[in-house]
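Fold and contact review
Now for the letters of each chain:
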Amino acid sequence: MLPIPGKACGACSFCCKVLEIVEFEKPAGVLCENCLKSGGCGIYESRPDVCRDYECLWKGDRGLGAPLRPDRVGVILMEDPDSDEYRAVCDPAKPLAWRHPLVFQHLVAMARSGRIVVAKAGLKSWRIRASGETGPCI
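Computed from a predicted structure; not experimentally measured. (Residues numbered from 1 in each chain as written. Predicted model: local features only at pLDDT ≥ 70, side-chain atom pairs only at ≥ 80, totals over all residues. Heavy atoms only, no water.)

1. Looking at the pattern of salt bridges
What the rule picks out here adds up to six salt bridges. Arg 115 is paired through a salt bridge with Asp 84; the nearest N and O atoms lie 3.7 Å apart. Here the residue Arg 115 occupies a position in the loop between helix H5 (101-112) and strand E3 (116-121), and Asp 84 occupies one in the loop between strand E1 (75-79) and strand E2 (85-90), the gap between them amounting to 31 residues. Since its relative accessible area comes to 51%, Asp 84 is described here as exposed. (Salt bridge = Lys/Arg side-chain N within 4 Å of Asp/Glu carboxyl O. Helix = DSSP H or I, 4+ residues; strand = E, 2+ residues; numbered from the N terminus. Buried < 20%, exposed > 50% of the residue type's maximum accessible area, 1.4 Å probe, protein only.)

And the structure:
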């Protein structure tokens, strides 16, 4: 797929902190040891397939504007292929980042479209309903 103009990672390496990377034994919420302080990956050319294959939803969706870039709102938006959930994954240090007005509005819109929408931060998760009501996932 061709890159979308204005959708480069740039200084954002939020995924390198927020996501768990089993291959590196890196837990969610801890910055990957290969992440450079200026942003980007120190082993980019030899990074493992899990990193090579990952692209956050913001980069590939023209409908998600610059204000929703993960490092700006503290949330990575992603689709879970195994459960069909639409997820907002937050840094465990800021578990309620999904309540950012731009993010929350987007999540409610996704729920209204019929999607199962879940916000996650570490081991905590919340369900967002089409009405805008939220509650913990059990």
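2. A closer look at the confidence of the model for the chain
In this model, the chain carries a mean pLDDT of 89, and residues with pLDDT of at least 70 account for 99%. Across the chain, H5 holds the top mean pLDDT of 96, while helix H2 (residues 49-53) sits lowest at 88. (pLDDT = per-residue confidence, 0-100.)

3. Observations concerning the sheet that holds E2
The strand order across the open sheet formed by five strands is E1-E2-E3-E4-E5, and the pairing between neighbours is mixed. Each of the sheet's edge strands pairs with one partner strand only, and the pair in question is E1 and strand E5 (134-136). Averaged over all pairs of adjacent strands, the angle between strand axes in this sheet comes to 25°, irrespective of strand direction. Where strand E4 (residues 124-128) and E5 come together, three bridges link them in antiparallel fashion. Each bridged residue has a counterpart across the sheet, and for Arg 127 the counterpart in E5 is Gly 135. (Pairing = 2+ DSSP bridges. Axes fitted to C-alpha atoms, helices over the stretch in contact; angles between N-to-C directions.)

4. Overview of unusual backbone geometry
Of note, the phi angle at Glu 25 is positive, near 55°, even though the residue is not glycine. Note that Glu 25 resides in the loop between helix H1 (15-18) and H2. One non-glycine residue with positive phi stands out, namely Asp 84, at about 65°.

5. What to know about the layout of surface pockets
The computed volume of the largest pocket comes to approximately 1200 Å³. Looking at the largest pocket, it is lined by 45 residues, and the ones nearest its centre are Cys 15, Cys 16, Leu 19, Tyr 54 and Glu 55. For the lining of the largest pocket, the elements supplying multiple residues, two or more each, are H1, H2, helix H3 (57-60), E1, E2 and E3. Here the element with the most residues in the lining of the largest pocket is E1; it accounts for four residues. Among the residues making up the lining of the largest pocket, the classes are represented as 30 nonpolar, five polar and 10 charged. (1 Å grid on protein atoms, 1.4 Å probe; cavity = no way out; pocket = protein on both sides within 12 Å on 5 of 7 lines; lining within 4 Å. Points joined across faces, edges and corners; volume = space filled by probe spheres on them. Nonpolar A, V, L, I, M, F, W, Y, C, P; charged D, E, K, R; others polar.)

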